[in-house]
Amino acid sequence: MGKLQVGILISGRGSNMAALVEAARDPAFPAEIRCVLSNRPDAGGLDFARERGIPAVTVDHKAHASKAEFEAAVTDALIARGVDFVCLAGFMRIVSPAFIERWHDRLINIHPSLLPAYRGLHTHERALADGVKLTGCTVHFVRPEMDVGPIVAQAAVPVVAGDTPDSLAARVLTAEHRLYPLALRLIAEGKAKVVGESVEIASDAVDETARLFSAA
Ligand code: GRF
């Protein structure tokens, strides 16, 4: 079985993208990063990709008359680089149902909460305001409703005394950098599959996902 050919969509610093790129440098990793695409020309992550010899592409949403045209240009750029699977990694444009349909079950996202809790923005502020003791991050397949979709993997992260939104975000981000490569690997190995509207994990991979409960 050939490697999964992956495109990563970013809008900013791209630390999750960097984690995926680093993981994919291992020849045993079952996915290849074909390109990094940003909707913002100034996204910091583009330089990181270029420095590692990965095609770094800008498709500026402001240069397109409509969302449909912008997304068509994104899909064209991905296809031109041989991409057959897409990872959203801090991509700050809401993708349309048409784009999601085009990449159905070939489009995943990482979100900084334990979904279905804290969909949307400001997840860490809201978790702290609620006084939850455990939060985390989720990798899920994308569906038209925001931050909803079959869950591939989650990592739980403790909230500790004195946490601020920034300190909690930093702790969760460390877990994100472990979770995203693991989730992509499980999908690329065929060990995480969408069945109905949830993801089935192969029995020999369950241990690996369970280890993430101690990510801190
Ligand atoms: C991450 O917290 C991710 O969960 C969210 O956006 C942030 C992106 O950070 N979707 P980075 O650009 O990957 O550093």
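What counts, and at which threshold
- Residues numbered from 1 in each chain as written.
- Predicted model: local features only at pLDDT ≥ 70, side-chain atom pairs only at ≥ 80, totals over all residues.
- Heavy atoms only, no water.
- Helix = DSSP H or I, 4+ residues; strand = E, 2+ residues; numbered from the N terminus.
- Rg over C-alpha atoms; globule rule 2.2 N^0.38 Å.
- Contact = heavy atoms within 4.5 Å.
- Areas by Shrake-Rupley, 256 points an atom, 1.4 Å probe, with all protein chains shown as cover.
- Domains from an automatic or database assignment.
- Buried area = accessible area lost by both parts, 1.4 Å probe.
- Salt bridge = Lys/Arg side-chain N within 4 Å of Asp/Glu carboxyl O.
- Polar contact = N/O pair within 3.5 Å; in protein donor to acceptor, adjacent residues only side chain to side chain.
- Buried < 20%, exposed > 50% of the residue type's maximum accessible area, 1.4 Å probe, protein only.
- Pairing = 2+ DSSP bridges.
- Axes fitted to C-alpha atoms, helices over the stretch in contact; angles between N-to-C directions.

Here we take up the overall build of the chain. Within the chain, the regular secondary structure consists of seven helices and nine strands. Relative to its length of 216 residues, the chain is compact, with a C-alpha radius of gyration of 17 Å against a globular reference of 17 Å. Taking the contacts inside the chain whose residues are at least 6 apart along the sequence as the reference set, 64% of them involve residues at least 24 apart. Summed over all atoms, the accessible surface of the chain reaches about 10100 Å², with 55% contributed by carbon and sulfur.

On to the domain arrangement of the chain, then. Domain boundaries assigned for the chain yield domain 1 (1–103) and domain 2 (110–216). Computed over C-alpha atoms, the centres of domain 1 and domain 2 are 20 Å apart. With 21 residues of domain 1 in contact, the opposing surface of domain 2 contributes 17 residues. In total, domain 1 and domain 2 occlude about 1500 Å² of area from one another, counting both sides; carbon and sulfur atoms represent 79% of this. Contact with domain 2 buries area across many residues of domain 1, yet Asn-16, Pro-30 and Ile-100 alone supply 29% of it, more than any other trio. Counting every contact that joins domain 1 to domain 2 gives zero salt bridges. Our enumeration of links across domain 1 and domain 2 arrives at three residue pairs in polar contact (both at pLDDT 80 or more).

Moving on, we get to the pattern of salt bridges. Following the criterion strictly, the structure yields 12 salt bridges and no others. Residues Arg-50 and Asp-47 are paired through a salt bridge, measuring 3.0 Å at the closest nitrogen-oxygen approach. Placement of both Arg-50 and Asp-47 in helix α2 (residues 45–51) is noted, with a separation of three residues, approximately one turn of the helix. Take Arg-50: its relative accessible area is 44%, and that puts it in the partly exposed class.

On to the sheet that holds strand β4 (residues 85–88). Read across the open sheet, the seven strands follow the order β3-β2-β1-β4-β5-β6-β7; overall the sheet is mixed. Since the sheet does not close on itself, it has two edges, and those belong to β3 (56–58) and β7 (151–158), each with one partner. Recorded for the sheet is a direction-independent mean angle of 20° between the axes of neighbouring strands. As paired elements, strand β1 (residues 4–10) and β4 share four bridges and run parallel to each other. Bridging from a neighbouring strand, Val-6 pairs with Phe-85 of β4. Lying on the sheet, helix α1 (residues 15–24) is in contact with β1, β2 (31–38), β4 and β5 (107–111); it crosses β2 at an angle near 155°.

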